[in-house]
Amino acid sequence: MRGAGRTLAKVASPAWFSGKIASMGVADQLQIDVRHGAGRVILSLAGELDMASAEVLQQAIDAEGLSGETMVVLDLQQLQFVDSTGLRVILVALERCRDRGQGFAITPGSQQVQRLLSVTGVADHLPTIAVADEVLA
Amino acid sequence: MAEQALPASDIAVELLVEAGLVLSSSLEPATTMQQVARLTVPRLADLCVIDLLDEDGTIREVAVAASDPEVAQALEALRRRHLLDPDGEHPVARVIRSGEAELREEMTSMLLRSFAQGSEHARFMIEHRYRSAAVAPLLARGRTLGALSVLRLGESEPYQAADLDLARELARRAAMAIDNARLFAQVSSVERRLEAILVNLAEAITLTDERGHMLFANQAAADLLGAASPLELTSAQPGTTMPRFVVQDEHGRELGLEEMPSRRLFAGERPEPLLVRNIVRATGEERWLIARSSPVLDPDSGRILYAVNVFENITQVKRVQVAESFMAEASRMLASSMDYAETLQRIARLAVPQIADWCAVDVLGESGEIERVAVHHADPAKVALAERLDSGYHPTLDDPVGVPEVIRSGRARIYTDIDADALAAYARDDAHLELLQAIGATAVIIVPLAAPARTLGAITLVSSESGRRLSHADLDLAVRLGRRAGTAVESARLYTERTRIASMLEAALLPGSLPEIPGAEIECLYHAAGELNDVGGDFYDVLAYGDGRWLLVIGDVCGKGPRAAAVTALARHTLRTAAMLGQTPTGMLRTLHEALRRQPVGADLCTVCLVTLEPLSTHARLTVTLAGHPPPLLIDTDGECRPVGEPGTLLGVLDPVDVHEVDVELQAGQTLLLYTDGLPEAGRAVPQRDEQRRFELRAASAQPTLAGMLERLEHAALRRAHGKLRDDIALLAVRLAQTGTGAASPRRAA
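Model, not experiment: these values are computed from the prediction.

**Re the sheet that holds strand E7 (residues 214-217) of chain B**
Across a sheet, paired strands are connected by hydrogen bonds in the backbone, their directions being either parallel or antiparallel. All names here are of chain B. What the 6 strands build is an open sheet, ordered E7-E6-E11-E10-E9-E8; its pairing is antiparallel. The outermost strands of the open sheet, each flanked by one partner alone, are E7 and strand E8 (245-248). Ignoring which end each strand starts from, the neighbouring axes of this sheet average 30° apart. Looking at chain direction, strand E9 (residues 274-280) and strand E10 (residues 286-297) are connected through 6 bridges and run antiparallel. Of the residues in E10, the one forming a bridge with Val276 is Leu289. Strand contacts of helix H11 (residues 315-336): E9, E10 and strand E11 (304-313), with the helix running at about 130° to E10, the strand carrying the most contacts.

So this is what it looks like as structure tokens:
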């Protein structure tokens, strides 16, 4: 279900961030695309989620007033790489959604992403959907 | 003709003698000609006219004498109105043209009319009864300057050949006098022009001869060379001027007289312009000059007669250039090294001798003591003096004056004109005074080594044997240097301090040495990815665990910096404690998980791999338990490897934590490699392929020693990452000895 969406500027142009981005120099590393629709908010990630860009994702999750939505989806289909710092942001988001009674799901990422999720034993904790718009079974 | 006439020859002699006197008495042609003309009347003539030839060929009357002054005046006026035609038939014109004297014994009216310049002239000559004329050319050095005419009027005796001779002789002497006067005037005028030019030039110009006599100096030269006037210079003995100055090249080497361009010119060379550093001994003033010399040659022999020396004063420009290049070089030195003690020594060397004769740097130590880190002088023997001074009379922070005062106040000081009294007042005792005198400071600058927040020490600049006066321009330069050096030193200190702290922390996080496990070889390797100051999140340990068993631990805390370091310490020590308490691997991991969950703020993630090892007779029994950590690799003797263990939940965030203890056997010669994910992830841009990793492992395990294998793996990872690791690499490996009990292998300390 596609709702009236609005695409946020890519991380490179900090419309809703302060100068923090410039100081982290993550202009091309991580792109975050946010869509709202049908009671869920979908954050589509592309690029690399690591120590340098994790903060950016954290801010995106904090900033978007996600608390109002029924479900938060992290679409990792275009995510090439994630490290433990990035994983932490994802897990913290999972916890918060649980605390708030919100749904949380991810879509599968690249091979490296999936391997990390598997090695760290979190795959079972993270509800996974095939496609961001899909309704959870 | 009423009087008794003297014999003609006596008159002639008399006339010539008097003329001689008149002509030598003055250099003014106008005056002398008039006097000569008057001499001839009435002894030789009734009327005498002297004409001179102008530059443009005009015949101009310059003197007229007559018995009757009115006649003289009238003729003067007439001649002025009617100039003689140089090409005409007037005897004066003819004589001037030919250079030959002419005698007109009797002149008829018709003759007079024939060469008169107009009717008025003719009437005059006829009226005054011009009768006889002798006209002689004024000849000097082969040139006709004019003519001398003597005339008899009316009833006077006509002229004869002897009279013409006399007129010729008179004319010759008059001509010589005129010529000399003209030459003299010319020379004077040229001299005056030259003088006017030279005097007013800003450049100092001197003229010297082979023996060093200064024949000419302009005012600028007098000013430059410290003389009251040019005359003082030109009357000085050769060789007495130069000793008034310290004369050096730009490297501080003293220059000898024979190296000056003027001297070299006379030695037959063609000297280049010479850059000279010139310090006035009396005042200490420093000037930079460019000295150039050109020869004045004898036109006939080509020999050098004089040297023309020009001194261009470029002090301002040079000073600025010296100061700027010094600051640029000093800044470069400060930026290039973290070893600030060494850098300060290099800067002290740089400052000597261009900025000062001495340079010293003192630094304030942690407990308030003042430590000398650098001192330099061109002469090493003098440096030894300074060291004796420093050790014998070492400054303390509460000294009223000097380096301590500058450090306390943070203010720069300049002391000029240090004399014997000043030294005596400053010296603490006779030995001290002696040392101070030996150093011979005449001026001192002390500036703070200024970091943004505090003063770290001081830089001292001293002028001694060069006698160079230190000015406020020097003080400004020194202050700038003090600030730059201070900032650099502070940065270096902070960096070194952080490195020290980081090292201390790391020591707490990694074991100093690994215990020996009988029958097995243990090696470890740690490579930090970031700067020395970024304490890593990796940790590992090898502990005794129960009876005859060992526990190998490797873990990775998410993040870097002080927070991650604290969590790493917590992880390591929690596991050690849990192991000591005899908990199972699962229990230990759950304990750590609980400890992490209880941390006050935020989520501290941690992955851990625990391997218990029990050496048996032929092999070793292992259990592998993973909590979110990559599985260790079992490497066979042929280099083939496989991961062992089952994935488990990482610690610190998710509940419940699910881990599994998996049993593995380690055969003789086999290796178990524990690692953190910095290893496989190195060079992330090119995705790590299992194939490549297997290849690397195979190659590495071909190394004869375990330590060698780990090194090979490290190098491979670095190569993949093109030297820039994004994450730390920690490796812990255990290899079961091939035969019986393994000997202890060299431990790789953290």
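From this point, things continue past the structure.
**Re the packing of aromatic side chains**
Residues and elements named next belong to chain B. Summed over the entire model, instances satisfying the criterion amount to 1 aromatic pair over all chains. With centroids separated by 6.3 Å and ring planes inclined at 80°, the aromatic side chains of Phe124 and Tyr130 adopt a geometry described as edge-to-face. Judged by relative accessible area, which is 9%, Phe124 ranks as buried. You can call Tyr130 buried: its relative accessible area is 8%. In this structure, Lys318 packs its charged tip against the face of Trp288, placed 5.0 Å from the ring centre.

**Here's the deal with the interface of chain A and chain B**
Each partner contributes to the interface: chain A provides 21 residues, whereas chain B provides 23 residues. Between chain A and chain B, roughly 1800 Å² of surface is buried when both sides are summed, and carbon and sulfur atoms account for 58% of that area. Among the residues chain A hides against chain B, the three largest losses belong to Arg88, Val119 and His125 of chain A. Together they make up 29% of the total. If you look at where chain A meets chain B, you find 1 salt bridge. Taken together, the connections running from chain A to chain B amount to 3 residue pairs in polar contact (both at pLDDT 80 or more). At the level of secondary structure, the elements contributing two or more residues to the side of chain A that touches chain B comprise helix H3 (84-100) and helix H4 (111-119) of chain A. Looking at which element gives the most residues to the side of chain A that touches chain B, the answer is H3 of chain A, with 8 residues. The residue makeup of the side of chain A that touches chain B, split by class, is 8 nonpolar, 8 polar and 5 charged.

Here is what the cut-offs are and how they apply
- Residues numbered from 1 in each chain as written.
- Chains lettered and ligands numbered in written order.
- Predicted model: local features only at pLDDT ≥ 70, side-chain atom pairs only at ≥ 80, totals over all residues.
- Heavy atoms only, no water.
- Pairing = 2+ DSSP bridges.
- Helix = DSSP H or I, 4+ residues; strand = E, 2+ residues; numbered from the N terminus.
- Axes fitted to C-alpha atoms, helices over the stretch in contact; angles between N-to-C directions.
- Contact = heavy atoms within 4.5 Å.
- Phe/Tyr/Trp six-rings, centres within 6.5 Å; stacked < 30°, edge-to-face > 60°.
- Buried < 20%, exposed > 50% of the residue type's maximum accessible area, 1.4 Å probe, protein only.
- Lys NZ or Arg CZ within 6 Å of the ring centre and 35° of its normal.
- Buried area = accessible area lost by both parts, 1.4 Å probe.
- Salt bridge = Lys/Arg side-chain N within 4 Å of Asp/Glu carboxyl O.
- Polar contact = N/O pair within 3.5 Å; in protein donor to acceptor, adjacent residues only side chain to side chain.
- Nonpolar A, V, L, I, M, F, W, Y, C, P; charged D, E, K, R; others polar.

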